[in-house]
Amino acid sequence: MLLGEDILLEKKLFIDVNEKDYFKVIETFQLAQTTQLPVTKDDKLVGILDLFSFVKMLEKDKNVMEIMEKDIIIAKKDNNISDCKLLKQKILPFVDETELYIGFIESSVIEKQLLKEKYSGEIQYYKDLQQEYQAIFESSYDGITITDGKGIILRINPAGERVEGLSSKDVVGKYVQELVDLGIYSESATIKALEKRDPVTILQKVPSGKEIIATGTPIFENGEIIRVITNSRDITELNNLKRELSQAHQLAEKYQSELEFLRLEQMKTEDIVVHSPEMKKIVTLATRVAPVDSTVLIQGESGVGKGILSKLIHNNSKRKNGPFIKIDCGSIPESLLESELFGYEKGAFTGAKREGKIGLIELANGGTLFLDEIGEVPLNLQVKLLRVLQDREIVRVGGSSAISVDIRIIAATNRELETMVKEKNFREDLYYRLNVVPIFIPPLRERKDDIQPLVMNSLERFNRKYKFQKKIECEALEFLIQYDWPGNIRELENIIERLVVVTNEETIRVENIPRTITEYKKNRREEIFDVDDSLAFRETMAECERRLLITVMKKSKSIQEIADILKLDRSSVRKKLKKHGIEKTFRLVKK
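These remarks concern the structure in this document. Computed from a predicted structure; not experimentally measured. (Residues numbered from 1 in each chain as written. Predicted model: local features only at pLDDT ≥ 70, side-chain atom pairs only at ≥ 80, totals over all residues. Heavy atoms only, no water.)

Looking now at the overall build of the protein chain. What the protein chain contains, in helices and strands, is 23 helices and 21 strands. Counting the 591 residues in the protein chain, one finds 41% classified as buried. Counting only contacts in the protein chain whose residues sit at least 6 apart along the sequence, the fraction spanning at least 24 positions is 60%. Looking at the protein chain as shown, the accessible area adds up to about 34,700 Å², and 50% of this sits on carbon and sulfur atoms. (Helix = DSSP H or I, 4+ residues; strand = E, 2+ residues; numbered from the N terminus. Buried < 20%, exposed > 50% of the residue type's maximum accessible area, 1.4 Å probe, protein only. Contact = heavy atoms within 4.5 Å. Areas by Shrake-Rupley, 256 points an atom, 1.4 Å probe, with all protein chains shown as cover.)

See below:
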């Protein structure tokens, strides 16, 4: 607060520091009607004289200079006097730019001005608030009708006129009950709110023929209803919005689920390492069947790369721009599998989403559905899967209408489905529907040529991921190549990642390789040469030769392959097999 024109300075009443006439001093205080006055010397402010201090010191014959308070607060015209903390001072003296005294004001004047400014701000605040409420009332999309505590309409906003099909001049000042009696309203939320003394929501019809939803809310003061605020909305528009929102929500849910699967599955680009003749044939077959929509059944042990091969088929198909939905049939609980695969209608079962849910099969529409671990699907669901394969249709849980789906199906399993069919654990008709194009991926131990390229590819990938430059020495690599990898490619990748992360040196050496791998070759050799100590030399050598032949035959497909491995001719191999009575049972290659 600055010193304004409405605040006048008292300029004439002050005490000169050299004043000896004490009666004149008292007279000046009487004229000023205050208990404090400024003290000046040569027109400059030097202190403040307190009347009570002055009277008290008269007996001690002290002059004004000795009695006055010198440590005082002063101000200039351009100062904000609101900041002046007048604790003991009852006046605030002012000086000009040259420090000459120009007058004073009492502290009560400052307090009055501050109160004036305070209430002026509050008045403006209430004016602004009124304008805001008026703007809300006028611009609200919902109709708003205000009545008093007796049900007389006081105000209705433009939206209320639109929704109810009435003009404010026709209803303002009238009793709501009168409008109901005239048939303008079928019933009134206002009347019900007055009767129940609680908020009430009803459906009512208005002259325009619209059905509206109205909520009447009573406003209380000292226990009495003084106002009823009624909000109304055209329920036709609400239903349209609800239907559009439901459709948008379903579409958004479909896109969200689809994008989640695309992000987690399709967008994972993994290189296929192909070096062995077996894998080259498999990849050639996969790329050959990719452009057509024939169902593919991929079989092989866990970790051989069935999922990667399914992505290869999808990415080389005409559906590559569509979704790739992978369903791990073995990881979803049996009780949830049907609803996850086929989706469900609203209210299909306890705990279901109110709006229902789209199934994973439906999400694959326009793309590829990859059924991983198909052998884990329970028999009761295999019938429904058969319908998907035959008719490309699904029926949601709790639904009755069929939904067509345009999908290409790839299935994979590590189980012997033929055996399961014989044991009545898998439907024969479903098996033949899946087994249109069978692809068998041999385990890593049967395609040793792929191990080194896989090791180097994984090493390069994890080096890039963790920003390392690790290398592997030849002897360590040899141990990895000789290992049988019961967990196949998945186990190999995990081992390489572990070696890249935990090896301190830049080069991965034999001592860094897990003992299960380094001792594997030694254990295999011990199996061959672990013979009875009581046998003679010739018998021992014969037993070792027999075990060696059996071990090599397990890895071979023919007599020629055994001969190549042992560096013998075929006739010698036949003779030795006959000598030891070994039946020719070679490794079967699935086609």
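Another aspect to go through is helix H12 (residues 334-342). Given 3.6 residues per turn, any residue in an α-helix points the same way as the ones three and four places further on. All of the buried residues in H12 are Leu337, Ser339, Leu341 and Phe342. Buried residues belonging to H12 abut strand S12 (324-328), strand S13 (343-344), helix H13 (360-363), helix H14 (379-391) and strand S16 (393-394). Once H12 finishes, Gly343 follows within two positions and takes phi at roughly 75 degrees, a positive value.

Attention shifts here to the pattern of salt bridges. Scanning the entire structure with this criterion turns up 23 salt bridges. The salt bridge partner of Lys384 is Glu338, with a shortest N-O separation of 3.0 Å. Taken together, the positions of Lys384 in helix H14 and Glu338 in helix H12 put the pair 46 residues apart, joining distant regions of the chain. A salt bridge links Glu473 to Arg509, with the shortest nitrogen-to-oxygen separation between them at 3.4 Å. Of the two residues, Glu473 is situated in the loop between strand S20 (471-472) and helix H18 (474-482) and Arg509 in the loop between strand S21 (507-508) and helix H20 (515-529); the sequence distance between them amounts to 36 residues. We classify Glu473 as partly exposed; its relative accessible area is 21%. For Arg509, a relative accessible area of 34% puts it in the partly exposed group. One connected set of salt bridges, linked through shared partners, spans Asp293, Lys318, Arg319 and Asp406. (Salt bridge = Lys/Arg side-chain N within 4 Å of Asp/Glu carboxyl O.)

On to the packing of helix H22 (residues 559-566) against helix H23 (residues 570-579). Contact pair H22 / H23: the axes reach a minimum separation of 9 Å and the direction vectors enclose 100 degrees. For the element pair H22 / H23, the angle class is roughly perpendicular. Together, Ile559, Gln560, Ile562 and Ala563 of H22 and Arg570, Val573, Arg574 and Leu577 of H23 make up the contact between the two elements. (Axes fitted to C-alpha atoms, helices over the stretch in contact; angles between N-to-C directions. Parallel < 35°, antiparallel > 145°, perpendicular 65-115°, else oblique.)

If you trace the five strands from one edge of the open sheet to the other, you get S12-S15-S18-S11-S19, paired in parallel fashion. This sheet does not close on itself; its edge strands, each paired only once, are S12 and strand S19 (437-440). Mean inter-strand twist for the sheet, computed between neighbouring axes without regard to direction, equals 15 degrees. Relative to strand S18 (residues 408-413), strand S15 (residues 368-372) is paired through four bridges, and the arrangement is parallel. (Pairing = 2+ DSSP bridges.)

In this section: the nonpolar core. Of all hydrophobic cores here, the largest spans 34 residues; its most connected members are Ile327, Ile361, Leu369, Leu371, Ile374, Ile407 and Phe426. Among the elements of the structure, S12, H12, H13, S15, H14, S18, helix H15 (417-422) and helix H16 (428-434) are those that each provide at least two residues to this core. A per-element tally of this core places H14 first, with five residues. Among all residues touching Ile327, those that are not within four sequence positions of it are Ile332, Leu341, Leu360, Ile361, Leu369, Phe370, Leu371 and Asp372. Counting 26 residues, the second largest nonpolar core, distinct from the first, contains Leu454, Ile495, Ile517 and Tyr520. (Core = buried A, V, L, I, M, F, W, Y, C linked by side-chain atoms within 4.5 Å.)

This next bit is on the side chain of Arg447. Looking at where Arg447 falls in the secondary structure, it is placed in the loop between S19 and helix H17 (451-466). Within polar-contact distance, the side chain of Arg447 engages the backbone oxygen of Pro442 at 2.9 Å. Ignoring any residue separated from it by four or fewer positions in sequence, one finds Arg447 in contact with Ser276, Glu278, Met279, Val304, Ile441, Pro442 and Ile489. (Polar contact = N/O pair within 3.5 Å; in protein donor to acceptor, adjacent residues only side chain to side chain.)

All right, on to the packing of aromatic side chains then. Summed over the entire model, instances satisfying the criterion amount to seven aromatic pairs. Ring plane angle 15 degrees and centroid distance 6.4 Å describe the contact between Phe462 and Tyr466, whose orientation is recorded as stacked. Placement of the pair is Phe462 and Tyr466 together in helix H17, with a separation of four residues, close to one helical turn. The class of Phe462 is buried, set by a relative accessible area of 7%. The cationic tip of Lys470 hangs over the ring face of Phe468; the distance from NZ or CZ to the ring centre is 4.5 Å. (Phe/Tyr/Trp six-rings, centres within 6.5 Å; stacked < 30°, edge-to-face > 60°. Lys NZ or Arg CZ within 6 Å of the ring centre and 35° of its normal.)

What follows is about the packing of H17 against helix H19 (residues 488-502). Contact geometry of H17 with H19 gives a least axis separation of 9 Å together with a crossing angle of 45 degrees. Taken together, the axis directions place H17 and H19 in an arrangement best described as oblique. Our pair here, H17 against H19, has a crossing hand that is right-handed. Where H17 abuts H19, its residues Ile451, Leu454, Val455, Ser458, Leu459, Arg461, Phe462, Asn463, Lys465 and Tyr466 lie against Ile489, Leu492, Glu493, Ile496, Glu497, Val500 and Val501. The residue inventory of the contact of H17 with H19, partitioned by class, reads eleven nonpolar, two polar and four charged. (Left-handed = near helix turned anticlockwise from the far one by under 90°. Nonpolar A, V, L, I, M, F, W, Y, C, P; charged D, E, K, R; others polar.)

The next subject is unusual backbone geometry. One non-glycine residue, Asn222, lies in positive phi territory at about 55 degrees. Structurally, Asn222 is set in the loop between strand S9 (211-221) and strand S10 (224-234). Positive phi values are uncommon outside glycine, yet Glu373 reaches one of about 55 degrees. Assignment of secondary structure puts Glu373 in the loop between S15 and H14. The exposure class assigned to Glu373 is buried, which follows from its relative accessible area of 15%.

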